[in-house]
Amino acid sequence: MSDDHHHGDGFPDLAHLPSDPALRVRAMESLLVEKGLVRPETIDAYIQKFEREVGPHNGARVVARSWVDPAFRERLLENATEAVREMGFLGAQTTDVVAVENGPKVHHVVVCTLCSCYPWTLLGIPPAWYKSYEYRSRVVREPRAVLGEFGIELDDDVEVRVWDSTAEVRYLVIPERPAGTEGLDEDALAALVTRDAMIGAARLEASP
Ligand code: FE
């Protein structure tokens, strides 16, 4: 059996590229700009979009609203795409959304077994672990073990549901509202919601 693929430097024609990803990105950017394939303003606009406009702060607002507004929560669980549109968060990789709600007897967790499909507009760019082969293959086989490694211990009577994202449908997990947050308003609640909790890979705690 040949293992040519595993000798990392099997691409001698690329050996002059810097190994540091940041340098590689810069080298590629200058080349694309130099060849007139992309304008620097376009790259800047994309960076700005991912720095400010899309990201887990959007998902967190959706979650917080579902906690304080029962009618919104109902719309969200019924048709998340419409509920998210209502909040102005319909966008890149987030055009067909399904919201699933965690509770004392059910825990939802999201994966993309094929690649890394993810609701960008609500959650930003997926974390490296979400794209890893290990997570993608293990969370469907042994979700409780994987969740345990994320620090989520589930009793035997808690049902675990694993949702496989696709190019069409993306999932948003509505985490359980932490105890002791009854007095908080929507903004303060949104600040407690983490990206990982909206994937189902973390639980939330009230801030100290
Ligand atoms: Fe994918």
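The rules behind each value
- Starting afresh in each chain, residues are numbered from 1 along the sequence in its written order.
- Confidence filtering applies because this is a predicted model: local features only for residues at pLDDT of at least 70, side-chain atom pairs given and counted only at 80 or more, and all residues used for totals across whole chains, interfaces and linings.
- Side-chain calculation: all heavy atoms of the structure are included, whereas hydrogens and water are not.
- Coordinating donors are taken as N, O and S atoms within 2.8 Å of the metal, stretched to 3.2 Å for Na, K and Ca; because water is absent from the atoms, sites can appear incomplete.
- Here the term buried applies to any residue with accessible area under 20% of the maximum for its type, exposed to any over 50%, and partly exposed to those in between, with areas from a 1.4 Å probe on protein chains only.
- Structural elements are reduced to axes, namely lines fitted to C-alpha atoms, with helices fitted over the stretch in contact, and the angle between N-to-C directions of any two is expressed from 0 to 180 degrees.
- Segments assigned H or I by DSSP are reported as helices when at least four residues long, segments assigned E as strands when at least two residues long, and all are numbered from the N terminus.
- Should an angle lie under 35 degrees it is considered roughly parallel, over 145 roughly antiparallel, and from 65 to 115 roughly perpendicular; all remaining angles are considered oblique.
- For any pair of crossing helices, the crossing counts as left-handed if the nearer helix is rotated counterclockwise from the farther one by less than a right angle, and right-handed if it is rotated clockwise.
- Contacts are assigned to residue pairs that have any heavy atoms within 4.5 Å of one another.
- Any residue that is not Ala, Val, Leu, Ile, Met, Phe, Trp, Tyr, Cys, Pro, Asp, Glu, Lys or Arg is counted as polar, Gly included; the first ten are nonpolar and the last four charged.
- Patch definition: residues above 30% relative accessible area lacking any salt bridge, with like charges linked at up to 9 Å and the nonpolar side chains Val, Leu, Ile, Met, Phe, Trp and Tyr linked at up to 5 Å.
- The Shrake-Rupley method, run with a 1.4 Å probe, gives the accessible areas here. Residue values count only the displayed protein chains as cover.
- By definition, a salt bridge exists where a carboxyl oxygen of Asp or Glu is found within 4 Å of a side-chain nitrogen of Lys or Arg.
- Here, nonpolar core means buried Ala, Val, Leu, Ile, Met, Phe, Trp, Tyr and Cys residues that are tied together by side-chain atoms lying within 4.5 Å of each other.
- Either an automatic procedure or a domain database provided the assignment from which the domain bounds are taken.
- Only protein atoms enter the 1 Å grid, on which a cavity is a set of points fitting a 1.4 Å probe that cannot get out and a pocket is an open set with protein on both sides within 12 Å along at least 5 of 7 lines, lining residues being those with an atom within 4 Å of a point.
- Grid points are joined across faces, edges and corners, and a volume is the space filled by probe spheres set on the points.
- Per-residue confidence from the predictor is given as pLDDT, running between 0 and 100.
- A helix is expected to reach a length of 1.5 Å times the quantity of its residues less one.
- A pair of strands is considered paired only if DSSP assigns at least 2 bridges between the two.

> A description of the coordination of the iron ion should follow, citing residues and the corresponding values.
In a perfect tetrahedron of four donors around a metal, the angles come out at 109.5 degrees. In a perfect octahedron of six, they are 90 or 180 degrees. Here the iron ion is held by Cys112 (SG), Cys115 (SG), Ser116 (N), Cys117 (N) and Cys117 (SG), and the distances to it run 2.1 to 2.7 Å. Each donor residue of the iron ion belongs to the same chain, with the gaps between them written as C-x2-C-S-C. Judged on exposure class, the residue Cys112 and its partner Cys117 are both buried.

> Which residues make up the packing of helix H3 (residues 56-68) against helix H4 (residues 70-78), and what values go with them?
The geometry of H3 relative to H4 is characterised by a closest axis approach of 5 Å and an angle of 125 degrees between their N-to-C directions. As the angle between them shows, H3 and H4 are arranged oblique. The way H3 lies across H4 gives a crossing that is left-handed. Between H3 and H4, the residues in contact are Val62, Arg65, Ser66 and Val68 and Pro70, Phe72, Arg73 and Leu76, respectively. Of the residues in the contact of H3 with H4, the class split is 5 nonpolar, 1 polar and 2 charged.

> An account of a nonpolar patch on the surface is requested, with residue identities and associated values reported.
There is a patch of nonpolar side chains on the surface, built from Met28, Leu32 and Leu37 and spanning about 310 Å² of accessible area. Exposure remark for Leu32: the relative accessible area of 33% places this residue in the partly exposed category.

> Lay out the nonpolar core in plain terms, naming residues and giving numbers.
Considering soluble globular proteins, one finds that nonpolar side chains tend to be buried as a cluster. Within the largest apolar cluster, 45 residues are counted, with the highest numbers of intra-cluster contacts made by Val62, Leu76, Leu122, Tyr135 and Leu172. The element contributing the most residues to this core is H3, with 5 residues.

> Give me the lowdown on the pattern of salt bridges, citing residues and values where you can.
A full pass over the atoms with the stated rule returns 11 salt bridges. Where Glu101 meets Arg73, a salt bridge forms, and the shortest distance between an N and an O atom there is 2.7 Å. Pair noted here: Glu101 is in strand E1 (residues 97-101) and Arg73 is in helix H4, with a separation of 28 residues, a long-range link. Residue Arg73 is classed as partly exposed on the basis of its relative accessible area, which comes to 34%. One salt bridge in this structure joins Asp196 and Arg195, with 2.9 Å as the shortest N-O distance. Beyond isolated ion pairs, a larger network of salt bridges with shared partners links Glu134, Arg138, Glu142 and Glu149.

> Would you mind going over the domain arrangement of the protein in detail, with residue names and values included?
Under the domain assignment, the protein is made up of domain 1 (20-53) and domain 2 (55-198). Taking the mean C-alpha position of each, domain 1 and domain 2 sit 30 Å from one another.

> So what's going on with the layout of surface pockets? Which residues, and what values?
Here the largest pocket defines a volume of roughly 160 Å³. The wall of the largest pocket is formed by 14 residues, among which Asn102, Gly103, His107, Glu176 and Arg203 lie closest to the centre. Taken together, the residues that form the lining of the largest pocket break down as 7 nonpolar, 3 polar and 4 charged.

> Provide a residue-level description of the confidence of the model for the protein, including the pertinent values.
Across the protein, pLDDT averages 90, with 90% of residues at or above 70. Low confidence marks residues 1-8, where pLDDT is under 50. Its contacts with residues over four positions away, or in another chain, come to 0 contacts.

> How would you summarise helix H2 (residues 40-53) if you had to cite specific residues and measurements?
Compared with the 20 Å implied by 1.5 Å per residue over 14 residues, the 19 Å span of H2 between its first and last C-alpha is a close match. Two residues or fewer past H2, Gly55 is found with a positive phi of approximately 150 degrees.

> Explain the pairing of strand E2 (residues 106-111) residue by residue, including any values.
Most of E2 is tucked away, with 6 of its 6 residues classed as buried. Because side chains alternate across E2, one face comprises the buried residues Val106, His108 and Val110, and the other comprises His107, Val109 and Val111, equally buried. Bridge count between E2 and strand E3 (residues 159-164): 6 bridges; the pairing is parallel. Across the sheet, the residue bridging to Val109 is Val162, located in E3.

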